[in-house]
Amino acid sequence: MENLFLLVVSLVMFPMIFAVPLLYSDSLLTQNKESGFVSMTTAIIVTVAIWVFVGYYLSFNQFDTLNFHEDFVNWLIKWTAKPSLSEILNMLVQLDFALYAVVMFSGTALAKHTWPFFMIFIPLWLLLVYAPLANLIWSTSGYLHSVNVLDFSGGLVVHLAAGVTSLVIAFTVKPVGRSNTKSHDTNYLATVLIITGWFGFNLAPVGSINHLTGLVVLNTLLAIIFGSVGWCLNSYRVEHILNMENIQNGILSGLVTSTALVGYVPPYGMIATTFISGIISHTVTVYSHKSPYFFDLVDSFSINAIGGFLGTIGLIIFANPQINNLGAKGLLTGNVDFALIEIFGILSTIVITIVGTIIAHVITMYLIGNIHYKESVQ
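Just so it is clear, the model here is predicted, and its values are computed rather than measured.

Details of the side chain of Ser288
- By secondary structure assignment, the location of Ser288 is in helix H11 (residues 267-290).
- Exposure remark for Ser288: the relative accessible area of 13% places this residue in the buried category.
- Those residues within four positions of Ser288 in sequence are excluded, and the remaining contacts are Phe294 and Asp299.

Observations regarding a nonpolar patch on the surface
- On the surface, a cluster of nonpolar side chains totalling about 660 Å² of accessible area is made up of Leu127, Leu128, Val351, Val355, Ile359, Ile363, Tyr366 and Leu367.
- Listing elements by their share of the nonpolar patch, those giving two or more residues are helix H5 (115-137) and helix H13 (336-377).
- With 6 residues, the single largest contributor to the nonpolar patch is H13.
- With respect to the secondary-structure elements, Leu367 resides in helix H13.
- The exposure class of Leu367 is partly exposed, given its relative accessible area of 35%.

Structural notes on unusual backbone geometry
- With a phi angle near 75°, Asn148 is a residue other than glycine that sits in the positive phi range.
- If you trace the backbone, Asn148 turns up in the loop between helix H6 (143-146) and helix H7 (155-170).
- Its identity as a non-glycine residue notwithstanding, His240 has a phi of 60°, on the positive side.
- Topologically, His240 is positioned in the loop between helix H9 (213-239) and helix H10 (244-258).

Re the environment of Ser59
- The residue Ser59 is located in helix H2 (residues 33-60) in this model.
- Taking the relative accessible area as the measure of exposure, Ser59 reaches 0% and is therefore buried.
- Between the alpha carbons of Ser59 and Ile359 there is a distance of 19 Å; along the sequence they are 300 residues apart.
- Sequence-distant contacts of Ser59, that is, excluding residues within four places in its chain, are made with Trp51, Ala131, Ala134, Asn135 and Ser139.
- Separated by 2.8 Å, the side chain of Ser59 and the backbone oxygen of Gly55 make a polar contact.

Criteria and thresholds
- Residues numbered from 1 in each chain as written.
- Predicted model: local features only at pLDDT ≥ 70, side-chain atom pairs only at ≥ 80, totals over all residues.
- Heavy atoms only, no water.
- Helix = DSSP H or I, 4+ residues; strand = E, 2+ residues; numbered from the N terminus.
- Buried < 20%, exposed > 50% of the residue type's maximum accessible area, 1.4 Å probe, protein only.
- Contact = heavy atoms within 4.5 Å.
- Patch = residues over 30% accessible without salt bridge, like charges linked within 9 Å, V, L, I, M, F, W, Y side chains within 5 Å.
- Areas by Shrake-Rupley, 256 points an atom, 1.4 Å probe, with all protein chains shown as cover.
- Salt bridge = Lys/Arg side-chain N within 4 Å of Asp/Glu carboxyl O.
- Polar contact = N/O pair within 3.5 Å; in protein donor to acceptor, adjacent residues only side chain to side chain.

Below, the structure written as structure tokens:
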């Protein structure tokens, strides 16, 4: 039954991943839409290849640094010869998480870069940012895991990392035109697919149908409702408008915020956290659109980074071991130690992401520049 559960949730997530390019490409001008689809599809294909052969091993295997080459070769031989069903399903579920992180920040890069950038940058980012974070926080041998940094379904590893990556990339992008002709039918379909897939996203760490399943489903529903309510109320207060784009962004904000705490807090904690996150994420979006210093085409930073950060703050406040005995006591129960541990997890995620993204970006632009130079010489 556990294998069937993992198979279902992993397959439910795939349409969600491919729905993101639909949503993001709609922000591009008409002449750039095909290029955007090619770039994001390239990012997905490259991520799958890197994850299957290298990323999964680096993220979830305990290895001896001194004998890394030998350990990796032995694992690769075993992996390509006859992997077990449970290993394949675990790899597939974790692939979905990695893919979602990649497609989210890829939307920011669409404003400047085309597929060659993604061919080089994505493998470097996975190896320098995502795999280290997944190993530190989710692997049983990871240091942050050992000190009890919690992240139920990706508030830190997926969303904060992707959002901070978008921020770094956004500083390198000059403002370009956003499309004013949104395809409401396409956006609506993409949003439905994302909502459906997110139930798999949040349920995957549960591992099977058990006492947590109902709570995770309920908390996910509440995140959709109150994230969109917070975003839309603030949008109407500031801009005096309510449109589908605001509703969609509010839903995404709530879902992103839910990931850190969805399996650790009672419903009232989810309601409070996602409602406040919707308000703050919208506010950050408004100010980011006015900033002359960086350009985020798809508002990935304000939705993913802010949502991942505030979701973790909600976890710090509302965590309750009576909800999940693998969780922790939050600030409401007077546990300051857990707050300090989780803040350490936030800071570690931000530092690793910024440093790794900058290194990956510098190497990528250097290699692309050399390729263009050699082509021009020829």
